[in-house]
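# Coordinates in review
Here is how the chains run, residue by residue.
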Amino acid sequence: MAGSKRIGLITGGGDCPGLNAAIRAVTKSALRVGYEVIGFRDGWKGFIEGDTEILDGVKTSEIIDRGGTILGTSRFSPLHLEDGTRWTLQQFKEWGLAALVVLGGEGTLSIAGKLAREGLLVVGIPKTIDNDVVGTDYTIGFQTAVQIATDALDRLRSTAESHHRVMLLEVMGRTVGWIATYAGMAAGADAILIPEIPLDEAKMAELCRMVKGRSKEGKRFSIIVVAEGVGLAEETEVSGWVGEVISKIIEEKTGLEAKFSSLDYIQRGGTPVAYDRNLATAFGVKAVELVREDKYGQMTAIKGNRITSTSLEKVVDKVKKVNLKVYKIAETFFG
Ligand code: F6P
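These figures come from a predicted structure and were not determined experimentally. (Residues numbered from 1 in each chain as written. Predicted model: local features only at pLDDT ≥ 70, side-chain atom pairs only at ≥ 80, totals over all residues. Heavy atoms only, no water.)

## With respect to the environment of Asn305
Selection rule: Every helix listed is a DSSP run of H or I at least four residues long, and every strand listed is a run of E at least two residues long, numbered separately from the N terminus.
Here Asn305 shows up in the loop between strand E10 (298-303) and strand E11 (306-311). Sequence separation between Asn305 and Asp137 is 168 residues; the distance between their C-alpha atoms is 9.2 Å.

See the structure below:
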């Protein structure tokens, strides 16, 4: 709305560490330049329902280190409602907003991008542990998930070594293997299984040979990272954890004892690492700058070491896959 000094803010999709640091950064930097900030609870759901709270300096103090989101989140999409677009635009007008800042992953930002096409004055901030948003090298939350998974792998190594076991850790990532690749590389994993490289029959046989070979060489344990989205040969039945299925196949084919663990939601909870707090802070400040410059339909981004922005249009319904050059570096140390 022309002349409005009110910014709306939502957090949508799966939560991640660093969301509160971003809420703090958007709010405090907006307040400094004369805006009021109004938060809508539980993502797009609260926006449609008008479930709000005023965000001020007090509410957004002492939250930089807190996991989750003080605003709550959901996977609700207004685009699934009949007349959802009109309703969203109407809400924007009714709340007298200058802009809506949307903290989201690929799903939430795709909705924002589609609504921007319809005239919603929106600015996106990419966040998700999966790091699968195109147009930015990193998303808020990713480095924390990598750290949690790396710590878990370090712990698994000592027990694997004592018991001479093959240890598999399954991590999140939806359809991509960013967390698996970065955590596996940091922990010196013996194999990293990602959706970008399907584990067909030949690859599975290769994996089993590698594990067996290590054992023959006197390396009496192996550490394998499995991304939740990794695909197996068509005839392999997977119901439940894919990592568990793989561990059973390894056991059967190698005769070695294989154990499976999953980090599940633990990798998404708790305090953000310093990198994510700083990325969230820089993205929050940048988002307010974009609003002040009337640059809507944009998303904050980091490219190289530069904080910049990119069109939300590029993000809509796309997924950023693992850079295979990075995977190759990790692969150098397999086996
Ligand atoms: O997108 C983040 C993510 O944590 C994925 O890695 C995971 O597949 C999914 O969310 C789990 O989502 P939910 O919270 O809906 O169970």
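Now that the structure has been shown, we can carry on.
## Details of the packing of helix H1 (residues 19-32) against helix H9 (residues 274-292)
Inclusion rule: The angle between two axes is taken between their N-to-C directions and runs from 0 to 180 degrees, where each axis is a line fitted to C-alpha atoms and a helix contributes only its stretch in contact. Each crossing gets its hand from how the near helix is turned against the far one by less than a right angle, where anticlockwise is left-handed and clockwise is right-handed. Residue contacts follow a heavy-atom distance rule, with two residues in contact if any of their heavy atoms lie within 4.5 Å. Here the term charged refers only to Asp, Glu, Lys and Arg, the term nonpolar to Ala, Val, Leu, Ile, Met, Phe, Trp, Tyr, Cys and Pro, and the term polar to all other amino acids, Gly among them.
The N-to-C vectors of H1 and H9 enclose an angle of 35 degrees; their axes lie 7 Å apart at closest approach. The two elements H1 and H9 cross, and the hand of that crossing is right-handed. Taken together, the residues of H9 that come into contact with H1 (itself represented by Ala21, Ala22, Arg24, Ala25, Val26, Ser29 and Ala30) are Arg277, Ala280, Thr281, Gly284, Val285 and Val288. Looking at the contact of H1 with H9, its residues break down into 8 nonpolar, 3 polar and 2 charged.

## Points about helix H3 (residues 84-94)
Residue pairs three or four apart in sequence face the same way in an α-helix, which turns once every 3.6 residues. Worth spelling out the cut-off: Per-residue accessibility, obtained with a 1.4 Å probe over protein chains only, is compared with the maximum for each type, and a residue is labelled buried under 20%, exposed over 50%, and partly exposed between these values. In this description, the arc belongs to the directions extending from the helix axis to the C-beta atoms.
Looking at H3, one finds that the buried residues are Gly84, Thr88, Gln91 and Phe92. Buried residues of H3, viewed axially, fall in a sector of 100 degrees; they line one side. Exposed side chains of H3 directed beyond 90 degrees from the buried face belong to Lys93 and Glu94. On the buried face of H3, the contacting elements are helix H2 (44-49), strand E4 (99-104) and helix H4 (106-117). Looking one or two places after H3, you find Gly96, whose phi comes out positive at around 60 degrees.

## A look at the site of the ligand
We count it as follows: For each residue, the test is whether any non-hydrogen atom lies within 4 Å of the molecule or strand; if one does, the residue is near. Any N or O atom pair separated by 3.5 Å or less is treated as a polar contact, with the protein-specific requirement of one donor-capable and one acceptor-capable atom, and with residues adjacent in sequence counted only for side-chain atom pairs. Every accessible area reported is derived by Shrake-Rupley at a probe size of 1.4 Å, with residue values counting cover from the shown protein chains alone. Where each domain starts and ends follows an automatic or database-derived domain assignment.
Near the ligand the following residues occur: Arg75, Thr128, Ile129, Asp130, Met172, Gly173, Arg174, Glu228, Tyr265 and Arg268. One nitrogen or oxygen atom from the side chain of Arg75 is found 2.9 Å from an oxygen atom belonging to the ligand. The separation between an oxygen atom of the ligand and a polar side-chain atom of Arg268 is 2.9 Å. Taking 400 Å² as the accessible area of the ligand by itself, protein coverage stands at 74%. Counting contributing residues, the shell around the ligand receives three or more from each of domain 1 (6-141 + 272-314) and domain 2 (145-268).

Nothing here speaks to function; it is all geometry.
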